[in-house]
Amino acid sequence: MTRQPVRAAVFGTGSWGTAFGMVLADAGCEVTLWGRRTEVADAINNGRTNPDYFPGVELPPSLRATTDPAEAAEAADFTVLAVPSQTLRANLAAWAPLLPADTVLVSLMKGVELGTAKRMSEVIEEVAKAPAERVAVVTGPNLAKEIVARMPAAAVVACRDESVATRLQSVCHTPYFRPYTNTDVVGCELGGAVKNVIGLAVGIADGMGLGDNAKGSLITRGLAETTRLGLAMGADPLTFAGLAGLGDLVATCSSPLSRNHTFGTNLGRGMTLQETIAVTKQTAEGVKSCESVADLARRHGVDMPITDTVVDIVHHGKPPIVALKELMSRSAKPERR
Ligand SMILES: NC(=O)c1ccc[n+]([C@@H]2O[C@H](COP(=O)([O-])OP(=O)(O)OC[C@H]3O[C@@H](n4cnc5c(N)ncnc54)[C@H](O)[C@@H]3O)[C@@H](O)[C@H]2O)c1
Ligand SMILES: O=P(O)(O)OC[C@H](O)CO
């Protein structure tokens with residue numbers, strides 16, 4: 001008997017939705033992308049490109065697009081969510097009734113919801129009324145522009161049910177995309193969300209011309225505060241030494257392709273918040289999630305000084321030079337506590 005190809009629906013035709021859709025198609029899946037704009041769906045179906053995000057990149061023929069969520073969701077074995085974290089709840093509420101009962105819901109998002117301080121998998125479980133065993137996360141050092149160029153990358157696919165993570169691993173494994181499984185969903189999601197905030201901090205430092213020692217220090221202390229939060233929330237600390245933690249932090253904090261890093265660099269160079277927002281065309285999750293991560297830290301009684309500093313600079317207008325002096329004059333303490 002011939003095995004039917006795996007069907008995947010990807011909600012979001014932005015940068016990562018398109019790129020991960022391409023990974024799934026290259027791995028042998030039949031993929032339908034859902035997007036809001038007819039012209040984007042037409043360009044994908046008729047021109048095999050997504051010119052707004054990846055001009056000149058040819059998309060595989062097994063990747064189709066639609067603006068009809070029911071058409072995208074039909075018979076999907078995997079339903080992949082790639083919209084901005086802060087719109088997920090409202091989007092998914094509309095899509096949930098259309099999803100097959102046994103579909104695996106996959107979050108590509110790296111944010112924490114404002115107001116509730118919930119991780120994306122928690123929002124998905126709540127809105128789609130899906131058990132944790134049917135909700136997975138893909139994360140790691142995956143700058144979309146490198147992925148669509150089929151440059152090599154590793155990733156993590158996390159699900160509480162290891163067999164589901166293994167199934168997802170097999171449907172997104174290509175010669176250029178190497179996924180590893182993990183059952184620590186909390187740690188994997190926190191790694192992805194907090195690295196965006198640390199990416200903003202490192203961008204600000206780069207924009208200020210503070211040098212590579214400052215960058216190395218921020219990355220390391222950023223990982224320390226991520227790990228503290230993770231421990232308080234029951235994550236496995238070793239997750240933060242892996243692709244979802246250190247791996248993604250290094251990629252984000254070193255790359256001009258990172259929207260969060262670039263956003264921070266513009267602020268550090270002296271642009272105002274409004275000017276920086278105006279030149280940012282894609283989602284820089286850390287800008288909103290720095291507040292929800294700080295909220296999460298408060299709820300768990302965890303000290304996250306770099307995250308608090310980013311909130312002060314981005315949302316309360318604190319000049320980066322003042323924030324730097326304050327960070328450097330914090331009380332002396334042991335490296336581990
Ligand atoms: N781009 C990357 O390299 C990358 C890699 C890994 C993870 N991520 C994560 O993936 C998530 C999505 O990011 P992205 O890079 O695709 O962002 P993006 O800005 O490139 O695309 C977001 C998409 O969501 C759509 N959208 C915006 N508001 C919407 C709304 N209210 N309702 C429905 N759709 C809406 C946009 O039209 C666009 O198609 C983020 O959480 C990001 O952190 C991105
Ligand atoms: O462009 P950024 O800053 O959203 O980063 C993209 C990915 O999360 C990198 O892994």
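Note that the coordinates shown come from a computational prediction; the quantities given were computed from them, not determined experimentally. (Residues numbered from 1 in each chain as written. Chains lettered and ligands numbered in written order. Predicted model: local features only at pLDDT ≥ 70, side-chain atom pairs only at ≥ 80, totals over all residues. Heavy atoms only, no water.)

1. What to know about the overall build of the chain
Consideration 1: The helix and strand inventory of the chain stands at 15 helices and eight strands.
Consideration 2: The C-alpha radius of gyration of the chain comes to 19 Å, within 12% of the 20 Å expected for a compact globule of 337 residues.
Consideration 3: If one aligns the C-alpha atoms of the chain with their principal axes, the spans along those axes are about 65 × 40 × 35 Å.
Consideration 4: Looking at the 337 residues of the chain, the share that counts as buried comes to 55%.
Consideration 5: Long-range contacts, defined as pairs at least 24 residues apart, comprise 71% of the intrachain contacts of the chain with a sequence gap of at least 6.
Consideration 6: Of the roughly 14600 Å² of accessible surface on the chain, 54% is carried by carbon and sulfur atoms.
Consideration 7: Placing the 33 positive and 35 negative side-chain charges of the chain at their respective mean positions leaves the two points 4 Å apart. (Helix = DSSP H or I, 4+ residues; strand = E, 2+ residues; numbered from the N terminus. Rg over C-alpha atoms; globule rule 2.2 N^0.38 Å. Buried < 20%, exposed > 50% of the residue type's maximum accessible area, 1.4 Å probe, protein only. Contact = heavy atoms within 4.5 Å. Areas by Shrake-Rupley, 256 points an atom, 1.4 Å probe, with all protein chains shown as cover. Lys, Arg positive; Asp, Glu negative; His and termini not counted. Charge placed at Lys NZ, Arg CZ, Asp CG, Glu CD.)

2. Considerations on the domain arrangement of the chain
Consideration 1: With domains assigned, the chain is organised as domain 1 (7-183) and domain 2 (193-328).
Consideration 2: On the side of domain 2, 25 residues touch domain 1, which itself brings 27 residues to the contact.
Consideration 3: In total, about 1900 Å² of surface goes out of reach between domain 1 and domain 2, with carbon and sulfur atoms giving 65% of it.
Consideration 4: Viewed at the interface, domain 2 and domain 1 are joined by one salt bridge.
Consideration 5: A salt bridge links Lys110 to Asp248, with the shortest nitrogen-to-oxygen separation between them at 2.7 Å.
Consideration 6: Linking domain 1 with domain 2 are eight residue pairs in polar contact (both at pLDDT 80 or more).
Consideration 7: At the level of secondary structure, the elements contributing two or more residues to the side of domain 1 that touches domain 2 comprise helix H6 (144-148), strand S7 (153-159) and strand S8 (177-182).
Consideration 8: Ranked by residues supplied to the side of domain 1 that touches domain 2, first place goes to S7 with three residues. (Domains from an automatic or database assignment. Buried area = accessible area lost by both parts, 1.4 Å probe. Salt bridge = Lys/Arg side-chain N within 4 Å of Asp/Glu carboxyl O. Polar contact = N/O pair within 3.5 Å; in protein donor to acceptor, adjacent residues only side chain to side chain.)

3. As for the nonpolar core
Consideration 1: By size, the foremost hydrophobic cluster in this structure holds 43 residues, and its most contacted members are Phe20, Leu24, Val31, Val106 and Phe177.
Consideration 2: With seven residues, the top contributor of residues to this core is helix H1 (residues 15-26).
Consideration 3: Each residue touching Val31, except ones within four places of it in the same chain, is listed here: Ala8, Val10, Gly21, Leu24, Ala25, Ser62, Leu63 and Arg64.
Consideration 4: Grouped together as the second largest cluster of nonpolar side chains are 39 residues, Ala193, Phe263, Ala294 and Val302 included. (Core = buried A, V, L, I, M, F, W, Y, C linked by side-chain atoms within 4.5 Å.)

4. Looking at the packing of helix H8 (residues 185-208) against helix H10 (residues 243-254)
The description of two packed helices rests on the angle between their axes and on the distance between the axes.
Consideration 1: Two elements in contact, H8 and H10, have axes separated by 8 Å at closest approach and are oriented at 30 degrees. Overall, the two elements H8 and H10 adopt an arrangement that is roughly parallel. For H8 against H10, the interelement crossing comes out right-handed. Counted together, Cys188, Gly191, Gly192, Lys195, Ile198, Gly199, Val202 and Asp206 of H8 and Ala244, Asp248, Leu249, Thr252 and Cys253 of H10 form the full contact between these two elements.
Consideration 2: Among the residues making up the contact of H8 with H10, the classes are represented as six nonpolar, four polar and three charged. (Axes fitted to C-alpha atoms, helices over the stretch in contact; angles between N-to-C directions. Parallel < 35°, antiparallel > 145°, perpendicular 65-115°, else oblique. Left-handed = near helix turned anticlockwise from the far one by under 90°. Nonpolar A, V, L, I, M, F, W, Y, C, P; charged D, E, K, R; others polar.)

5. Remarks on the site of ligand 1
Consideration 1: The immediate surroundings of ligand 1 are formed by 22 residues, with Ser15, Trp16, Ala144, Thr283 and Glu285 found nearest.
Consideration 2: With respect to ligand 1, the backbone of Ser15 contributes an N or O atom lying 2.9 Å from an oxygen atom.
Consideration 3: Here an oxygen atom of ligand 1 sits 2.9 Å away from a polar atom, N or O, in the main chain of Trp16.
Consideration 4: Isolated, ligand 1 exposes 820 Å² of accessible area, and the fraction of that covered by the protein chains is 87%.
Consideration 5: Considering each element in turn, the shell around ligand 1 owes the most residues, three residues, to H1.
Consideration 6: When the residues that make up the shell around ligand 1 are grouped by side-chain class, the tally is eight nonpolar, 10 polar and four charged.
Consideration 7: Looking at which domains feed residues into the shell around ligand 1, each of domain 1 (7-183) and domain 2 (193-328) supplies at least three. (Near = heavy atom within 4 Å.)

6. Regarding the environment of Leu249
Consideration 1: If you trace the backbone, Leu249 turns up in helix H10.
Consideration 2: Judged by relative accessible area, Leu249 falls into the buried class, the value being 2%.
Consideration 3: On a C-alpha basis, the gap between Leu249 and Lys195 in space is 5.2 Å, while along the polypeptide they are 54 residues apart.
Consideration 4: Non-local contacts of Leu249, meaning those with residues more than four positions away in its chain, are made with Lys195, Ile198, Ile219 and Leu223.

7. Observations regarding the UniProt feature "binding site: sn-glycerol 3-phosphate" (unreviewed entry) in the chain
Consideration 1: In the UniProt entry, the feature "binding site: sn-glycerol 3-phosphate" (unreviewed entry) is given for Lys110, Gly140, Lys195, Asp248, Ser258, Arg259 and Asn260.
Consideration 2: On the accessibility criterion, Lys110 (14% relative accessible area) is buried.
Consideration 3: For Lys110, the contacting residues outside a window of four places in its chain are Ser85, Thr139, Gly140, Gly192, Ala193, Lys195, Asn196, Asp248 and Glu285.
Consideration 4: At 2.9 Å, the side chain of Lys110 and the backbone oxygen of Gly140 are in polar contact.
Consideration 5: Checked against the element boundaries, Lys195 lands in helix H8.
Consideration 6: With sequence-adjacent residues up to four places away left out, Lys195 is seen in contact with Lys110, Leu190, Asp248, Leu249 and Thr252. (UniProt positions renumbered as here; feature names shortened; annotations may be inferred.)

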